[in-house]
Amino acid sequence: MMADTRCIPGYGGEMETRRGKWSLLLLVALAPLLFASCSVQPSTAEAEEPVAPAVAAAQSAETVAAEGDSGARLRAGEDWPWFLGPRHDGTSAESELLETWPEDGPPLVWEMETGTGYTAPSVRGHRLVLFHRREGIDPESGEKIGFEVIECLHAATGDSLWTYRYPTAFQDPYGYNNGPRCTPLLTETHCYTFGAEGKLACITLDEGREVWKRDLHAEMDIPDGFFGVGATPILEDDILIVAAGGQPNSGVIGVDAATGKTLWENVGKSTWDGAKTDSRLRPTYEWTGEEMVVSYSSPIAATIHGKRHVLCLMRQGLVSLDPKTGEEYFHYWFSSDSYESVNAARPVVVDDTIMLSAAYKVGSVLLRVAEDGKSVTEVWRDKRNLLTHWSTAIHHEGYYYGFSGRHDYEATLRSIDAETGEVVMQTDGWGRPFTDLRQVGRDQYRDVVNNTIIPTPFYGRGSKIQTGDRFIVLSEFGLLALVEATPDKWEEVCRFKPPQMHYPSWTAPVLSRGYLYLRCEDALLCYDLRPPGS
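Here the structure is a predicted model, which is why all the values come from computation and not from measurement. (Residues numbered from 1 in each chain as written. Predicted model: local features only at pLDDT ≥ 70, side-chain atom pairs only at ≥ 80, totals over all residues. Heavy atoms only, no water.)

Engineer: What is the right way to read the overall build of the protein chain from this model?
Structural biologist: Summing up its helical and strand segments, the protein chain has two helices and 38 strands in all. Each of the 534 residues in the protein chain was classed as buried or not, and the buried ones make up 63%. Counting every atom, the protein chain has about 20800 Å² of accessible surface; 46% of that belongs to carbon and sulfur. (Helix = DSSP H or I, 4+ residues; strand = E, 2+ residues; numbered from the N terminus. Buried < 20%, exposed > 50% of the residue type's maximum accessible area, 1.4 Å probe, protein only. Areas by Shrake-Rupley, 256 points an atom, 1.4 Å probe, with all protein chains shown as cover.)

Next comes the structure, spelled out in structure tokens:
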């Protein structure tokens, strides 16, 4: 299948102001997202050799295994076993990749029609795990119900290895899709998932057998969030760190990864009651017991001054915890004055500094951690330099690169100086006057200068991963671009538009062993970025 493409040397101009019709709040984590026009066809029986299976009816939790688990020789390269990759920051050590892409894109290895969701796939060895939602029929009532599906595929072929699922009744209150938001976490032996309505599960990676499962929303006092559960857990030694969002002091919990038992809980009233804020209307926060503690920013662990920290950007701000005990080291208020707002981008840790960024007129701040690890000081703070909605910024050679803007029509890719916070470069991904374009259809424009029809050329609130001195950028309209990581100018090597990808493509790309995986709301694509014969 041919893709719409064009290669651009780079215009380097700033974004022209334009208006758009999408006024979205956000989605998490996100991670991480999909796009393609496909239809889901539920099956009445399990296929013997499923490649892109639909969900069949199930009573509670069910696992379906398929043959062909191993197969081809495993390629050399890195796993991408959890949210934002092996280093939790969106960077890849993969090398020997294509220097540029053909006009119709790199070779498409396989593609799959998926259920809904905003999660990225995770890859360990030859196994790729996708967490998504499909609709099916309850065999007892005959009614249509939803299932959150954990599906293991062969990473190189897309063949289904096993499927585990359980019923879900989640409905997004803002009309976004009802699939899961949190990316699977893979160890050598197990897969951990966190569903949109708070079901935390551990299953075996080899065959998809349930080890334990908990319904946190049923167990705990968790106020409803804007978009369901959206912060992907992390594993620190044998403790699963989960942003549960519980009242009064269960915003974050530590869970025994082997048994699912809660080991500790913290963050909430004890953290924020009486805390100093940066609001003129509310300089000191008073806890009500009714506020959301939920976070859409996934925790991250880091060693700073020899001490291990778990950094959790909650709705109210940043909290640092001891991963073994849950004891608080410090907290820092970082929240919008607007009720309809979220923190969704992950903290970025470089040496003893932590960079936070958010939309909703919050901006960004660089914090320096004290040597005793129990406090932070501001290096700089700016409400206008970088306002990341959900896509986490990446630090490279003294600069932060991130997408700034609450809405698609105002968003730009920016670089900011890590020492000063100054904006050095910004681009909307078009780099020419908006008057050079005429919209002629959904996700299509006419370039009036060249008299050609092109896909939506803007990045919007895109996402990206880094390989060497380049970024692989996925626009929220499904456009894929290869961009030089140059802080002072925008240099795009090439771009192409996979026809299966479309708005909203909100899931960050995944790169493992030379394979690039792209997801939107109804498609998963696998491209080969290795040169032929490598």
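Engineer: Would you mind going over the pattern of salt bridges with me for this structure?
Structural biologist: Once the charged atoms of two side chains with opposite charge are near each other, the side chains can pair. Per the stated rule, a full pass over the model turns up 19 salt bridges. Where Arg-87 meets Glu-78, a salt bridge forms, and the shortest distance between an N and an O atom there is 2.9 Å. Using a relative accessible area of 36% as the deciding quantity, one classes Arg-87 as partly exposed. A salt bridge links Arg-181 to Asp-172, with the shortest nitrogen-to-oxygen separation between them at 2.6 Å. Within the structure, one salt-bridge network assembled from shared partners comprises Glu-99, Arg-470 and Glu-484. (Salt bridge = Lys/Arg side-chain N within 4 Å of Asp/Glu carboxyl O.)

Engineer: What should I look at first to understand unusual backbone geometry in this one?
Structural biologist: For residues besides glycine, phi is generally negative; the peptide bonds are generally trans as well. Here the amide bond leading from Gln-247 into Pro-248 is cis, since omega sits at -10°, within 30 degrees of zero. By the secondary structure assignment, Pro-248 is in the loop between strand E14 (239-242) and strand E15 (252-256). A positive phi angle is found at His-305, which is not glycine, with a value near 50°. By secondary structure assignment, the location of His-305 is in the loop between strand E17 (300-304) and strand E18 (307-313). On the basis of relative accessibility, which here comes to 39%, the residue His-305 falls in the partly exposed class. A positive phi is found at Tyr-360, a non-glycine position, where the angle reads about 60°. Topologically, Tyr-360 is positioned in the loop between strand E22 (353-358) and strand E23 (363-369).

Engineer: It is not clear to me how the pairing of E14 should be interpreted in this structure. Could you clarify?
Structural biologist: Consecutive side chains of a regular strand alternate in pointing toward one face of the sheet and then the other. Judged by which residues are buried, E14 turns out to be covered on both faces: Ile-239 and Ile-241 on one side and Leu-240 and Val-242 on the other are all buried. Strand direction decides the pairing type here: strand E13 (residues 234-236) and E14, joined by three bridges, are antiparallel. Bridge pairing in E14 places Glu-236 opposite Ile-239. Counted along the chain from E13 to the antiparallel partner E14, the turn is two residues long, and its residue Asp-237 has a positive phi close to 55°. Examined bridge by bridge, E14 and E15 share four bridges and lie antiparallel to one another. Looking at the pairing, Ile-239 lines up with Asp-256 of E15. (Pairing = 2+ DSSP bridges.)

Engineer: So what exactly am I meant to see when it comes to the environment of Pro-81 here?
Structural biologist: Considering the arrangement of structural elements, one finds Pro-81 in the loop between strand E2 (62-65) and strand E3 (91-92). A residue is classified by how much of its surface remains accessible, and Pro-81, at 3% relative accessible area, is buried. Each C-alpha atom of the pair Pro-81 and Val-129 lies 9.0 Å from the other, and the pair is 48 residues apart in sequence. Sequence-distant contacts of Pro-81, that is, excluding residues within four places in its chain, are made with Pro-86, Ser-122, Val-123, Arg-124, Pro-184, Leu-185 and Leu-186. (Contact = heavy atoms within 4.5 Å.)

Engineer: Teacher, can you tell me more about the sheet that holds strand E31 (residues 452-455) here?
Structural biologist: Backbone hydrogen bonds hold the strands of a sheet together, and the pairing may be parallel or antiparallel. Judged by pairing direction, the sheet is antiparallel, and its three strands sit side by side in the order E29-E30-E31 without closing on themselves. Bordering the open sheet on either side are strand E29 (437-441) and E31, each of which pairs with just one other strand. Strand-to-strand twist across the sheet, computed as the mean angle between neighbouring axes with direction ignored, equals 40°. In this structure, E29 lies alongside strand E30 (residues 444-447), joined through four bridges in antiparallel fashion. Across the sheet, the residue bridging to Arg-438 is Arg-446, located in E30. (Axes fitted to C-alpha atoms, helices over the stretch in contact; angles between N-to-C directions.)

Engineer: I tried to follow the sheet that holds E14 on my own but got confused; where do I start?
Structural biologist: An order of E13-E14-E15-E16 is seen for the four strands of this open sheet, with the pairing classed as antiparallel. Two strands close off the open sheet at either side, each with one partner strand: E13 and strand E16 (262-266). Taken pair by pair, the neighbouring strands of this sheet meet at an average axis angle of 25°, ignoring direction.

Just distances and angles here, no functional claims.
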